[in-house]
Amino acid sequence: MKRAFNYKYIVLMLLLLGTSIATAQDGLNSIPVSETFSENGSYKIKSIAFDNTPGNIDGVSYVYDGDQLMYQIPRSFDMLLDNSTRIVLSNDGKIVVYYHNKKYRPEKEFDNVVVYKEGLLFGSFTTEQYAACSNKENDCTVLYNNYDAVIDYKRSDYGKADYKKVLRSMDEDEEWLHNKMLVIKDNIIYTVSGQKKISVFHTDDLVLEKNVDFEKLYPFIKDFPSPKTVILNVPKTRMTIDQFTEKKSGETLNRLLEKRYNLKSVSKNDKNAAKEFQLYNISMSGYMTRFGFLELTSLNIDAKFNKEDLVKYIDDINFDPATIDNVIPKQYFNYYAMSYRNPNDNVARDEKIAHDKALKQERIRRERLDTINGFFIPRSLEESFLQLDKIMPEKERKILVSLENQPDKYNSDTGGLGIWIRTNWGIIDGSRLQTYFNERNLFDPKKISAIIVAQYIKYLKNESQVARNWERTHPRI
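The numbering scheme is per chain: residues are counted from 1 as the chain's sequence reads. Selection of residues for local features in this predicted model requires a pLDDT of at least 70, selection of side-chain atom pairs for listing and counting requires 80 or more, and totals for whole chains, interfaces and linings are taken over all residues. No hydrogens and no water enter the side-chain calculation; it runs on all heavy atoms of the structure.

**What about helix 10 (residues 381-391)?**
- The buried label applies to any residue whose accessible area, calculated with a 1.4 Å probe on protein chains only, is under 20% of its type's maximum; exposed applies above 50%, and partly exposed to all values in between. Numbering of helices and strands starts at the N terminus; helices are DSSP runs of H or I of at least 4 residues and strands are runs of E of at least 2. Every buried residue belonging to helix 10 is among L381, E383, S384, F385, Q387 and L388, and all of these are buried.
- For helix 10, the elements touching its buried residues are strand 20 (375-376), helix 13 (417-424), helix 14 (432-438), helix 15 (445-460) and helix 16 (466-473). For this analysis, residues touch if any pair of their heavy atoms sits within 4.5 Å.

**Focus on the state of the cysteines**
- Counting rule for disulfides: a pair of cysteine sulfur atoms within 2.5 Å. Overall, the coordinates contain 1 disulfide when judged by the stated rule.
- Note that C133 is cross-linked by a disulfide to C140, the S-S spacing being 2.1 Å. Across the S-S bond of C133 and C140 the torsion is about 85°, and the bridge reads as right-handed. Residues C133 and C140 agree in their burial class; the two are buried.

**Some words on the sheet that holds strand 1 (residues 30-37)**
- Here a strand pair is declared whenever DSSP counts at least two bridges between the two strands. Strands sit in the order 4-3-2-1-13 across an open sheet of 5 strands; the sheet is antiparallel. Two strands in the sheet have a free side with no partner beyond their single neighbour: strand 4 (68-73) and strand 13 (229-235). On average, adjacent strands in this sheet sit at an angle of 20° to one another, irrespective of strand direction.
- Two strands pair when backbone bridges link them, and strand 1 and strand 2 (residues 43-49) are joined in this way by 5 bridges, in the antiparallel orientation. When the sheet's bridge partners are listed, F37 is paired in strand 2 with K44. Note on geometry: axes are lines fitted to C-alpha atoms, helical ones only across the stretch in contact, with angles between N-to-C directions running from 0 to 180 degrees.

**Let's talk about the nonpolar core**
- Core analysis: the largest hydrophobic core is formed by 39 residues, its most contacted members being L257, I282, M284, L294, Y336 and Y340.
- Considering every element that reaches this core, the biggest residue donor is strand 15 (residues 280-289), with 5 residues.
- What Y336 contacts, discounting residues up to four positions off in sequence, is I241, D242, L253, N254, L257, K268, I282, S283 and M284. We define a nonpolar core as any set of buried Ala, Val, Leu, Ile, Met, Phe, Trp, Tyr and Cys residues linked to one another through side-chain atoms lying within 4.5 Å.

**Here we look at the confidence of the model for the chain**
- Confidence of the prediction at every residue is given by pLDDT, a number between 0 and 100. Here the chain shows a mean pLDDT of 87. Residues at 70 or above account for 89%.
- Across the chain, strand 4 holds the top mean pLDDT of 98, while helix 1 (residues 12-17) sits lowest at 38.

**As for the packing of helix 4 (residues 172-180) against helix 5 (residues 214-221)**
- As a packed pair, helix 4 and helix 5 sit with axes 13 Å apart at the nearest point and diverge in direction by 70°. By the angle between their axes, helix 4 is roughly perpendicular relative to helix 5. Residues E172, D173, W176 and L177 of helix 4 form the contact with helix 5, whose own contacting residues are F214, E215, Y218 and I221.
- Of the residues assigned to the contact of helix 4 with helix 5, the class counts are 5 nonpolar, no polar and 3 charged. The cut-offs work like this: below 35 degrees is roughly parallel, past 145 is roughly antiparallel, 65 to 115 is roughly perpendicular, and the gaps in between are oblique. Only Asp, Glu, Lys and Arg are considered charged in this grouping, and only Ala, Val, Leu, Ile, Met, Phe, Trp, Tyr, Cys and Pro are considered nonpolar; every other residue, Gly among them, is considered polar.

**Regarding the pattern of salt bridges**
- We define a salt bridge as a contact between a side-chain nitrogen of Lys or Arg and a carboxyl oxygen of Asp or Glu at a distance within 4 Å. This model, assessed by the stated rule, comprises 17 salt bridges.
- The shortest N-O distance in the salt bridge between E107 and R105 comes to 2.9 Å.
- Overall, the relative accessible area of 31% leaves E107 in the partly exposed class.
- Judged by relative accessible area, R105 falls into the partly exposed class, the value being 31%.
- The partner of R379 in a salt bridge is E383, and the shortest N-O contact between them spans 2.9 Å.
- Taking relative accessible area as the criterion, E383 reaches 16% and is therefore assigned buried.

**Section: the sheet that holds strand 8 (residues 120-125)**
- One open sheet holds the 4 strands; their spatial order is 5-6-7-8, and the pairing between them is antiparallel. Only two strands of the sheet have a single partner each, and these edge strands are strand 5 (85-89) and strand 8. Averaged over all adjacent pairs, the angle separating strand axes in this sheet is 15°, with direction ignored.
- Relative to strand 6 (residues 95-100), strand 5 is paired through 5 bridges, and the arrangement is antiparallel.

**A few points about helix 16**
- Of the residues making up helix 16, those classed as buried are V466, A467 and W470. Projected down its long axis, helix 16 carries its buried residues within an arc of 95°, all on one side.
- Where helix 16 is buried, its residues meet helix 10, helix 14 and helix 15. Of all possible arcs, the one meant is that of the directions from the helix axis to the C-beta atoms.

**Some points on unusual backbone geometry**
- Phi angles above zero are rare outside glycine, and E118 is one such case at about 50°.
- Mapped onto the elements of the fold, E118 is located in the loop between strand 7 (113-117) and strand 8.
- Residue E118 is classed as partly exposed on the basis of its relative accessible area, which comes to 46%.
- Phi is positive for A132, close to 60°, though the residue is something other than glycine.

**Quick word on a negative patch on the surface**
- Grouping into patches uses exposed residues only, defined as over 30% relative accessible area, and leaves out salt-bridged ones; the cut-off is 9 Å for like charges and 5 Å for nonpolar side chains (Val, Leu, Ile, Met, Phe, Trp, Tyr). For every accessible area listed, the method is Shrake-Rupley and the probe measures 1.4 Å; residues are considered covered only by the protein chains on display. Only four residue types enter the tally: Lys and Arg on the positive side, Asp and Glu on the negative side; His and the chain ends are excluded. Lys charges are placed at NZ, Arg charges at CZ, Asp charges at CG and Glu charges at CD. On the surface, D92, E118, D186, D204 and D205 cluster together into a patch of negative charge.
- Inspection of the secondary structure puts D92 in the loop between strand 5 and strand 6.

**Notes on the side chain of T297**
- If you trace the backbone, T297 turns up in strand 16 (residues 294-301).
- Of the polar contacts made by the side chain of T297, one reaches the side chain of S285; its length is 2.9 Å. Within 3.5 Å is the distance limit for a polar contact, defined as a pair of N or O atoms, with the added protein rule that one can donate a hydrogen and the other accept it, and that residues adjacent in sequence qualify only through two side-chain atoms.

**Quick notes on the packing of aromatic side chains**
- A pair of Phe, Tyr and Trp rings is counted when the ring centres sit within 6.5 Å of each other, with Trp represented by its six-membered ring. The angle between the planes then sorts it: under 30 degrees is stacked, over 60 is edge-to-face, the rest tilted. Under the counting rule described, the total for this entry stands at 28 aromatic pairs.
- Centroid distance Y436 to F437: 5.0 Å. Interplanar angle 90°. Geometry classified as edge-to-face. As far as burial versus exposure is concerned, Y436 and F437 are alike and both buried.
- A connected cluster of aromatic rings, assembled from ring pairs, spans Y99, F125, Y130 and F201.
- Two conditions define a charge located above a ring, namely a distance within 6 Å from the ring centre to NZ of Lys or CZ of Arg, and an angle within 35 degrees of the ring normal. Sitting over the face of the ring of Y280, K304 holds its NZ or CZ atom 5.1 Å from the ring centroid.
- Between the NZ or CZ atom of R440 and the centre of the ring of Y436, over which it lies, the distance is 4.1 Å.

This is how it looks when you write it as structure tokens:
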């Protein structure tokens, strides 16, 4: 089992920006798989994703000389249908250049242009570095993309199984840009940016020229070819991990765990059961391989279960992989839909009563603490401002102010300052700060963290008496 690292202290810069990557399994309708050929047609790169989340690089890519495998790269280069991505393979198969209009994470591998040489990351560029424009400007993208403007969605049957692209009427330049915003000739890549400027990248010596006038160079490059790419439609398997069946018995993982632990399963969506009975939770993520083995990447379980025993048990199960397409070596899954309870209703109810009593006592204990897990707990909104001042460098405060109207960036479920506050200041499991907000009829942890960050931004903008003004409109009940 691959084990995730637990970090007590998290870089605030990343917390501020947050990320939406790897948060959901329904970002696309299929698993991105593509084949792209070199200009001379002698070499090919096959990119295979293991996940379907936008911006994901979890996968593998193989570079071939004809039918002979040259090397592989431990990542995917997802080709999307909306013209926001492109792959170029050099005429000797040694250089791979990948373009993506969006940058989902701060690491170099996620830059807008990445260059791999013989399987290793050799260099990368942000849009600003490659296209010579600022991300504060309109249309600052590494690839020109008029997709929404030129596609006739109705006539194309967009979103249907028989989708076939139909274009609206447009001038010659726009039609060319839609099909050929990237062309290649003699190992030289010409890309047109969102601001209609051309960048020229020489893959032989890795030299970049940028900010070339489009009208000046267009007559010279308009007949150059674009890389030949075939996008394969590999359907993703829509299943939760508990639904996978053991090859030998035909029983689901859910049923196997019911029998192993003598428990009764309950859907995590069953709110009535959660109110009446004590439930024991399992959450996991991992890869189901084409050979039927579940490679766990995370496993979180209640104390009812023995983690080491459960990991070994799952590792030994040979599942039926029939639903995993043969094109992909494995597929990522991140949701387990079931909880468990004692099969005896009366016992399950008594366990719930005992658990709630212990939880209440623990909350009362935590309310008296000024420090929890090494973190000082503010007593009020105003005191939370003072604590954030102490732990946030000035640079990160300025970034936070710039995100004032983007709560999805600073208070998401997957990143941002909000999730740090919820995790470390006891907003979820109980603390004196949580009580401060509960007394003002606020109970949702995400709403509480959103209030703290939004009011802190006002405080950073030197608005007067921010905390007191908020307390006036939110008195104790």
